[in-house]
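Fold and geometry: a report
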Amino acid sequence: MEKVLRLETEFKNFIRKADEICIAVAMLTDYGLTVFDDRDEDCAFEILVGYDLPTHPSALQKLLDEDVATKIYDVKKQFFHPKLYLFRINEDWTAFLGSGNCTKGGLLTNIELSIKVEDPNTVQELLDWYETYFKLGTALKQDWLDEYRLFYVERSDKEKELQSITKKFKKDTGVTKGKVALADYDFTGKFFTYEHYNAFKPPKPILDEPGPIKERLEVRNKLEELHHRIYPIIEKKGWEVYAHHQTQHLTSSFRHNERASSNLNAIWLHYGRSEEELEKYKTVFGENMTSLYHMRLEILILKDHLWVELRVGKNDGSYPDRQYIREQLKSNPVFVNTYYNLIKKLDSTFTVTIADEEVPISDFEDALDLKEFTLQDNPKFYYFRIGRLYKPDDMSISDNNIATTVINDFEKLYPLYQLFKHKF
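Criteria and cut-off values
Positions within a chain are numbered from 1, following the residues in the order the chain's sequence is written. Totals for whole chains, interfaces and linings use all residues, but because this is a predicted model, local features are given only for residues with pLDDT of at least 70 and pairs of side-chain atoms are given and counted only at 80 or more. Side-chain descriptors were evaluated using all non-hydrogen atoms of the structure, hydrogens and water having been removed beforehand. We count a stretch as a helix when DSSP gives it H or I for four or more residues in a row; a strand needs E for two or more, and each element gets its number in order from the N terminus. Computation of the radius of gyration draws on C-alpha atoms alone. For the globule rule, the value is 2.2 Å times the number of residues to the power 0.38. Only protein chains enter the area calculation, which uses a 1.4 Å probe; residues under 20% of their type maximum are buried, those over 50% are exposed, and those in between are partly exposed. Here, two residues are considered to be in contact whenever any of their heavy atoms come within 4.5 Å of each other. Counted charges follow a simple rule, with Lys and Arg positive, Asp and Glu negative, and His plus the chain ends left uncounted. Every charge is mapped to an atom, namely NZ of Lys, CZ of Arg, CG of Asp or CD of Glu. Two aromatic rings, drawn from Phe, Tyr or Trp (for Trp, its six-membered ring), form a pair once their centres lie within 6.5 Å of each other, and the interplanar angle then sorts them: stacked below 30 degrees, edge-to-face above 60, tilted otherwise. In short, DSSP must find at least two bridges between two strands for them to pair. Axis geometry follows a simple rule: fit a line to the C-alpha atoms, using only the stretch in contact for helices, then measure angles between N-to-C directions, giving values from 0 to 180 degrees. Oblique is the label for any angle not covered by the other classes, which are roughly parallel (under 35 degrees), roughly antiparallel (over 145) and roughly perpendicular (65 to 115). Each residue gets one of three labels, nonpolar for Ala, Val, Leu, Ile, Met, Phe, Trp, Tyr, Cys and Pro, charged for Asp, Glu, Lys and Arg, and polar for the others, Gly among them. Between Lys or Arg on one side and Asp or Glu on the other, a salt bridge is scored when a side-chain nitrogen of the former is within 4 Å of a carboxyl oxygen of the latter.

1. A short note on the overall build of the chain
Looking only at helices and strands, one finds 13 helices and 14 strands in the chain. Against the 2.2 N^0.38 benchmark of 22 Å for 424 residues, the chain shows a C-alpha radius of gyration of 27 Å, more extended than a compact globule. Counting only residues that meet the buried cut, the chain has 47% of its 424 residues in that class. Here the contacts in the chain between residues at least 6 apart in sequence split such that 71% fall between residues at least 24 apart. Separation of charge centres in the chain, based on 58 positive and 71 negative side chains, amounts to 5 Å.

2. Comments concerning the packing of aromatic side chains
Scanning the entire structure with this criterion turns up 38 aromatic pairs. On the numbers, 6.3 Å between centres and 75 degrees between planes, the contact of Tyr271 with Phe410 is edge-to-face. Of this pair, Tyr271 sits in strand β9 (residues 267–271) while Phe410 sits in helix α13 (residues 402–420), and the two are 139 residues apart along the sequence. Like Tyr271, the residue Phe410 is buried in the burial classification. Look at Phe384 and Phe420: their rings are 5.9 Å apart centre to centre, the planes differ by 50 degrees, and that puts the pair in the tilted class. A residue pair is termed long-range when its members are at least 10 positions apart, and Phe384 in strand β14 (residues 384–390) and Phe420 in helix α13 qualify at 36 residues. Take Phe384: its relative accessible area is 0%, and that puts it in the buried class.

3. A closer look at the pairing of strand β2 (residues 20–25)
Extensive coverage of β2 is indicated by the burial of five of its six residues. Two strands pair when backbone bridges link them, and β2 and strand β3 (residues 44–49) are joined in this way by six bridges, in the parallel orientation. Opposite Cys22, over in β3, you have Glu46 as the bridge partner. Where β2 lies against strand β5 (residues 83–89), six bridges are found, and the strand directions are antiparallel. Of the residues in β5, the one forming a bridge with Cys22 is Leu86.

4. Some points on helix α3 (residues 57–65)
Within the sequence span of α3, burial applies to Pro57, Ala59, Leu60, Gln61 and Leu63. Those residues of α3 hidden inside the fold are in contact with α2 (30–34), β3, β4 (69–72) and α6 (142–173). Looking at the residues trailing α3, positive phi occurs at Asp67, about 60 degrees.

5. Observations regarding the packing of helix α11 (residues 333–344) against helix α12 (residues 367–374)
Packing of α11 against α12 leaves a shortest axis separation of 9 Å and a crossing angle of 100 degrees. As summarised for this structure, α11 and α12 are arranged roughly perpendicular, according to the angle between their axes. Mapping the contact onto sequence places Val336, Asn337, Tyr339, Tyr340 and Ile343 in α11 and Ala367, Leu370, Lys371 and Thr374 in α12. Looking at the contact of α11 with α12, its residues break down into six nonpolar, two polar and one charged.

6. Comments concerning the pattern of salt bridges
For the structure shown, the criterion picks out 22 salt bridges. Two residues, Glu159 and Arg155, come together in a salt bridge whose shortest N-O distance is 3.3 Å. With a gap of four residues between them, Glu159 and Arg155 both fall in helix α6, about one helical turn apart. Glu159 sits in the partly exposed class, given a relative accessible area of 22%. A salt bridge links Lys204 to Glu215, with the shortest nitrogen-to-oxygen separation between them at 2.9 Å.

What follows is the structure, encoded as structure tokens:
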């Protein structure tokens, strides 16, 4: 036996020479299937595949169209998870067994580990296993595949959301080198103190208990204090952004409830459309058009930083604004240039986040570059935000400076808010 790190590379010679290929995998994609396109037309080819993982309907359709012997492993209460590839050249069989699914990641790009097996006795055991489970599978039929396509679309929506959550977790926790512990910051003279950030230390955000609730309430009260400092300035400037018309919703929730996330890892103070505007959107688009789903200016406090942003939209939110932005980007060069110029006026620490990719504003080479990046926005699954981070000890957010800092950031973001805003 020998170790194999890149199955696709190892498979090339086997596929061209093979008289028979048998595959049993948990997941199959279009890319994975094309790797085997170089097989001889007389090569016997059969596949046993599961769908507990998101096997591509288009790959299954190709197998049907090409009349490949294909079975679906759909035995109830059994999660199908093997990755076995068997090749026969003349009378000799070779097996590959490991972690790699029949996908681009599994065959080429992921960190996978497989072994190449040539010992006849061991290979025969694997052939016996394959034949046993192939018999248990159900032959792939068009009517089943038509039903599966509907299931796959629904599943894909959930998969993308899960990928987004996982990517965010990796970003937040995956790199610890160089991070400063919260207790090591100097909070002297700061508006937000150690206790405010520490309210979001895991596992507190998911705890619906008196202690964590009280800590989050203190954060909420501190944000309300900040509101009383900055909102009179917002009103004096005549900006068309408004605090929530119900005082209990001035900030996001500090309690778990049906409208709040089960993971309260931040609390934010926000300004957006007026009550009259929201009612109009509810009339036209439905009752879900609350302030939560609309674009707004925000200040967020999290476990290790303060964040000031224009939140263009959350996942599954701000559809009118985001659709308007997309239309203008595609058809209105003046809009594109204005957008680019406003972005370039922001301080260098601002970033634009779309489809889970956070890009410093300095990275955009020109208006076209910014346009193409923004067109990747997918309101169904991802946030669209433009903002900047402040570390807990930054003097810009001291008790004396925080109101000025927030207003200055809002002043730069407000023209973007006006540019992006959908209008009836």
